[in-house]
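Geometric and topological summary
For reference, the chains in residue letters:
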Amino acid sequence: MSIPTTAGRPEKAIRALDVSDSLWRQSIRQLRKNKLAVAGFAFIAFMFLICFIGPLFSPYADGKINPANMHQPPSAKHWLGTDLLGRDVLTRLLQAGRISLTVGLASMALSMTIGTVLGIVSGYYRGVVDQIIMRVADLLFTIPGLPILFIMGALMSDWKIPTDYRLYLVMLMLSIIGWPGVARLVRSQMLTLREREYMQAADVLGLSDKRKLFRHLLPNVFPLLIVIATLSIGGAILSESALSFFGLGVMPPTPTWGNMIDAANNVIDFEKRPWLWIPPGLAIFLTVIAINIFGDGLRDVLDPKQNTSR
Amino acid sequence: MRTYLLRRCLYMLLILIGASLLIFFLYSLTPGDYVDNNLSLSEERKAELREIHGLNKPILERYVNWMANMFKGDFGYSLAQQRPVLDLFQDYIWNSFLLAVVSTFFTWFFAVVVGVLTAYKQYSLLDTLVMVGIFAAMSIPSFFIGLFLIKVFAVDLKILPPGGMITTGSRAVGWEYVAQVLHHMLLPVAVMVLLGVGSLTRYFRSNMLEVIKQDYVRTARAKGLKERTVLYRHALKNAMLPAITLIGFELPGLFGGSIIIEKIFNWPGIGQLYMQSFTVRDYPLLMGFTMFLAILTVVGTFISDILYHTSDPRVRL
């Protein structure tokens, strides 16, 4: 029924395309008006740039150990001082930022993918599949996130996982506790969307399930997904830092912001050498603030129904 | 309602059994335990200990025993501390509860007051400042802010103790003891309030914004009531109503301790006990604690659902 109309009047089809395109442009324009969100985005971009490019310009990027130069307070040569192996703290902070930001992004991507697919499937098919998926999600909600993360971190240590691999396992762990929340949200959206008229039309047209799920339903939860994805990066960075701080996440020599703060566990470093552990803490704090502010701005624009702030 | 309660209780039982399976196998499939890691024990003594605690039995049998004991109210026996897990919980849990109850009180108090004020003065300078503050509070890494405050107030300014619950070696009793505990509580409570107040303030603010628009608030204003009365008696009451469902969700926080805060401030609570047991891999205690948390969460959610229904009969269960 739609085919003859579009075929007969091509200019109308083009105009329809224009309209759907400008929805995104409209959102971006609206977002631009929110100065706080723009500032948040600018800071995130700055953080990524400086972490990924900054170390390239540092004379200390090789991380060479220099015992003669250990525990120097901040100076013109070493802006944030040096650590107990004589490495430049600023360079290490940026290198740690690469890892922490990557962990945040990767675990977000993983939990969003798992959560979205399972949420769509369980909300669309309902019945037994839904029951199984949601009961597993319930189960993971039963135990608070932090103890689960700690247990999994300890498991890694006891299985003697090489430190290089721990990084990837931490991403996986974070997505294990992250996906149930996403799945629940997507599922509840699915339950209402699947009753809409355009889905009836899709049924009538005899589209395949795959096409219905991923071409018709998924795009409609996309705005919501972008918002949760943004906010969950911040959460993932916070969880990773806590885990690594307690020695259960990513371990040295791979630097992350969390395991750099580990220096504070040493009484002398804690009391006399604050340049070792305060900068990474501030880096986490500022990055997560920026992400939360930007995410909230996104929510205002993309998901006005769930608007909690204004 | 009765069938709902029955079904709900059955489901709670099932989900807890699922949780117990998860917890038991997660811990017991880990190589190395307290007996293994204890280098001071001879081989014979290790074998003997395994015999006593049933660690050499097949894993399924151990699970069934563990579960059966739990139904009898026995959460296991701590190998590191040589005491029943529940006894240990009783020693530590009230310290955790003290910290949690005080900080929960202040969190709610500030969240309600600030939430109402910012909703009333929406878009004002105060509102914007509070919003930024809320984002900041929601973005703080809890362990870092704890360390930072200890550094500032205990190490540099020396006006507050760095941790613990009473001064080391102190034998204070009576009021002196209370004063010491209060002094030691100040920092951890401040951090816990800071961490919790952000999202709750937001919650009350948005509830309040919704209520203020209602007709009965306009009626209250129209009949000439004082603005304070309108806000705190007419509007707040209705904005608070949905919040009682949050009470259930506070349950794990109240009794389950706060792992990170207690560890950082060396507070002798149940979260600190958990972290201690972690380093020596005292599995009976770790399993008991995790199971305890699971029970608290499930019961808390149940209470919330019931409160949700009783506060708003339109909600079907």
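Residues numbered from 1 in each chain as written. Chains lettered and ligands numbered in written order. Predicted model: local features only at pLDDT ≥ 70, side-chain atom pairs only at ≥ 80, totals over all residues. Heavy atoms only, no water.

An unreviewed UniProt entry lists chain B under the name Peptide/nickel transport system permease protein, from Paenibacillus lactis. As stated in UniProt under Subcellular location (unreviewed entry), the record for chain B gives "Cell membrane". What UniProt states about chain B under its Sequence similarities (unreviewed entry) heading is, verbatim, "Belongs to the binding-protein-dependent transport system permease family." (UniProt positions renumbered as here; feature names shortened; annotations may be inferred.)

The name given to chain A in an unreviewed UniProt entry is Peptide/nickel transport system permease protein, with the source organism recorded as Paenibacillus lactis. Entered under Subcellular location (unreviewed entry) in the UniProt record, the comment concerning chain A runs "Cell membrane". In its Sequence similarities (unreviewed entry) section, the UniProt entry covering chain A states "Belongs to the binding-protein-dependent transport system permease family."

The next subject is the overall build of chain A. Within chain A, the regular secondary structure consists of 12 helices and 0 strands. Taking as baseline every contact in chain A between residues at least 6 positions apart, the subset at least 24 positions apart corresponds to 69%. For chain A, the accessible area works out to roughly 15,500 Å², and carbon and sulfur atoms hold 66% of it. In chain A, 30 positive and 21 negative side-chain charges are present, and the distance between their average locations comes to 5 Å. (Helix = DSSP H or I, 4+ residues; strand = E, 2+ residues; numbered from the N terminus. Contact = heavy atoms within 4.5 Å. Areas by Shrake-Rupley, 256 points an atom, 1.4 Å probe, with all protein chains shown as cover. Lys, Arg positive; Asp, Glu negative; His and termini not counted. Charge placed at Lys NZ, Arg CZ, Asp CG, Glu CD.)

All names here are of chain B. For Ser277, the location among the structural elements is in helix α13 (residues 270-280). Judged by its relative accessible area of 3%, Ser277 falls in the buried class. A polar side-chain atom of Ser277 sits 2.7 Å from the main-chain carbonyl oxygen of Leu273. Those residues in contact with Ser277, other than ones at most four positions away along the chain, are Asp282, Leu285 and Leu286. (Buried < 20%, exposed > 50% of the residue type's maximum accessible area, 1.4 Å probe, protein only. Polar contact = N/O pair within 3.5 Å; in protein donor to acceptor, adjacent residues only side chain to side chain.)

Turning our eyes to something else, we now look at the UniProt feature "transmembrane region" (unreviewed entry) in chain A. All names here are of chain A. Mapped onto this structure's residue numbering, the UniProt feature "transmembrane region" (unreviewed entry) falls at residues 36-57, 99-124, 136-155, 167-186, 217-238 and 275-295. Within residues 36-57, the helical portion is 82% and the strand portion 0%, while the C-alpha atoms at the span's ends are 31 Å from each other. Helix and strand shares over residues 136-155 are 90% and 0% respectively, and the end C-alpha atoms of the span are 21 Å apart.

Contacts between chain B and chain A engage 47 residues on the former and 41 residues on the latter. Both faces combined, the contact of chain B with chain A buries some 4,000 Å², and carbon together with sulfur accounts for 78% of it. On the chain B side of the contact with chain A, Phe135, Phe143 and Phe144 of chain B bury the most area, a combined 15% of that side's loss. Applying the counting criterion to the chain B and chain A interface returns 1 salt bridge. Residues Asp296 of chain A and Arg202 of chain B are paired through a salt bridge, measuring 2.7 Å at the closest nitrogen-oxygen approach. Inspection of the chain B/chain A interface yields 6 residue pairs in polar contact (both at pLDDT 80 or more). Counting residues per element, the ones that place at least two in the side of chain B that touches chain A are α1 (2-28), α6 (125-138), α7 (142-156), α8 (174-212), α12 (259-264), α13 and α14 (283-311) of chain B. When residues of the side of chain B that touches chain A are assigned to their parent elements, the largest contribution, 8 residues, is made by α1 of chain B. (Buried area = accessible area lost by both parts, 1.4 Å probe. Salt bridge = Lys/Arg side-chain N within 4 Å of Asp/Glu carboxyl O.)

We now examine the UniProt feature "transmembrane region" (unreviewed entry) in chain B. Residue and element names in this part refer to chain B. Following the UniProt record, the feature "transmembrane region" (unreviewed entry) maps to residues 9-29, 92-117, 129-150, 185-204, 243-265 and 285-308 here. Overall, residues 9-29 shows 95% helix and 0% strand. The separation of its end C-alpha atoms is 30 Å. Helix makes up 86% of residues 129-150 and strand 0%. Its end C-alpha atoms lie 26 Å apart.

Feature annotation in UniProt assigns "domain: ABC transmembrane type-1" (unreviewed entry) to the following positions: residues 97-295 of chain A. Measuring from the first to the last C-alpha atom of residues 97-295 of chain A gives 20 Å, for a span that is 82% helix and 0% strand.

UniProt's entry tags residues 93-304 of chain B with the feature "domain: ABC transmembrane type-1" (unreviewed entry), counted in the numbering of this structure. As a span, residues 93-304 of chain B carries 80% helix and 0% strand, and end to end its C-alpha atoms are 22 Å apart.

A few words now on the nonpolar core. Side chains that are nonpolar tend, in soluble globular proteins, to be buried together. With 167 residues, the main nonpolar core has Phe150 and Trp257 of chain A together with Trp66 and Tyr274 of chain B as its most contacted residues. Among the elements that take part in this core, helix α9 (residues 209-245) of chain A stands out by supplying 16 residues, more than any other. Once residues lying within four places of it in the same chain are set aside, the contact partners of Phe150 of chain A are Leu243, Phe246 and Leu248 of chain A together with Ile259, Tyr274, Met275 and Phe278 of chain B. (Core = buried A, V, L, I, M, F, W, Y, C linked by side-chain atoms within 4.5 Å.)

Let's shift gears to unusual backbone geometry. Cis geometry is found at the peptide bond from Pro252 of chain A to Pro253 of chain A, where omega equals 10°. Here Pro253 of chain A is to be found in the loop between α9 and α10 (257-261). With phi around 55°, Asn266 of chain B is a residue other than glycine that occupies positive phi space. At Arg281 of chain B, a residue that is not glycine, the phi angle is positive and equals roughly 55°. Summarising the element assignment, Arg281 of chain B is placed in the loop between α13 and α14. Look at Arg281 of chain B and you get buried, because its relative accessible area is 10%.

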